[in-house]
Amino acid sequence: MRTHIRRGWIAGILASLILLVGVAPAGAHAELDSSDPVDGATLASAPSALTFTFGEDVLEQGNAVTLTVVDSGTRLELGPLGVDGAVVSVDWPAASPAGAFRAAYRVVSADGHPIDGSITFTVEQAVGEAAGTPSAVAETP
């Protein structure tokens, strides 16, 4: 009789585990699959845009991306976000310094749950600087 009880407990535990494992994927939300630039990248010049790709579509409303200069804490002004299914993008600002940046995102997945996070990367050349441009030298008459 004890063997039957033990088997019953084991069967019950296994059934519970199967149910829990089967439910877990249904509770999953969109996660960041990739970004451009990638987290930790060092870029010679500023990208044309920031792009975040998620594992599922995001809603058109309720999304935000911020871009902050890490050293100064200055938040740069960004234009409107573009949403195309699972991809959220925003153009790089017209004026920005060189340095380390943090791009933070908050999006709403198709199931209505907010997802947030951030990436950091470095840009070696400020927007508007030409690589190798010599500085102006005053001429003496």
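This structure is a prediction, so every number in the text was calculated from the model and none was measured.

Colleague: Account for the packing of aromatic side chains, naming residues and giving values.
Modeller: One pass over the structure, following the stated rule, counts 5 aromatic pairs. Seen from their ring centres, phenylalanine 54 and tyrosine 105 are 5.4 Å apart, and the 70° between their planes marks the pair as edge-to-face. Of this pair, phenylalanine 54 sits in strand E3 (residues 49-54) while tyrosine 105 sits in strand E8 (residues 99-108), and the two are 51 residues apart along the sequence. With a relative accessible area of 9%, tyrosine 105 lands in the buried category. Centre to centre, the rings of tryptophan 92 and phenylalanine 121 are 6.0 Å apart; their planes meet at 55°, and the pair counts as tilted. Placement of tryptophan 92 in the loop between strand E7 (87-91) and E8 and of phenylalanine 121 in strand E9 (residues 114-123) is noted, with a sequence separation of 29 residues between them. Exposure remark for phenylalanine 121: the relative accessible area of 2% places this residue in the buried category. Through a chain of ring-to-ring contacts, three or more aromatic side chains come together here, namely Phe52, Phe54 and Tyr105.

Colleague: Outline the nonpolar core, supporting the account with residue identities and numerical values.
Modeller: Core analysis: the biggest nonpolar cluster contains 24 residues, and Leu50, Phe52, Phe54, Val65, Leu67, Phe101 and Phe121 have the highest contact counts within it. Every element with two or more residues in this core is listed here: E3, strand E4 (64-69), E7, E8 and E9. Here phenylalanine 101 is in contact with Leu67, Thr68, Val69, Val70, Leu76, Trp92, Ile119, Thr120, Phe121 and Val123, once residues within four sequence places are set aside.

Procedures and definitions
- Residues numbered from 1 in each chain as written.
- Predicted model: local features only at pLDDT ≥ 70, side-chain atom pairs only at ≥ 80, totals over all residues.
- Heavy atoms only, no water.
- Phe/Tyr/Trp six-rings, centres within 6.5 Å; stacked < 30°, edge-to-face > 60°.
- Helix = DSSP H or I, 4+ residues; strand = E, 2+ residues; numbered from the N terminus.
- Buried < 20%, exposed > 50% of the residue type's maximum accessible area, 1.4 Å probe, protein only.
- Core = buried A, V, L, I, M, F, W, Y, C linked by side-chain atoms within 4.5 Å.
- Contact = heavy atoms within 4.5 Å.

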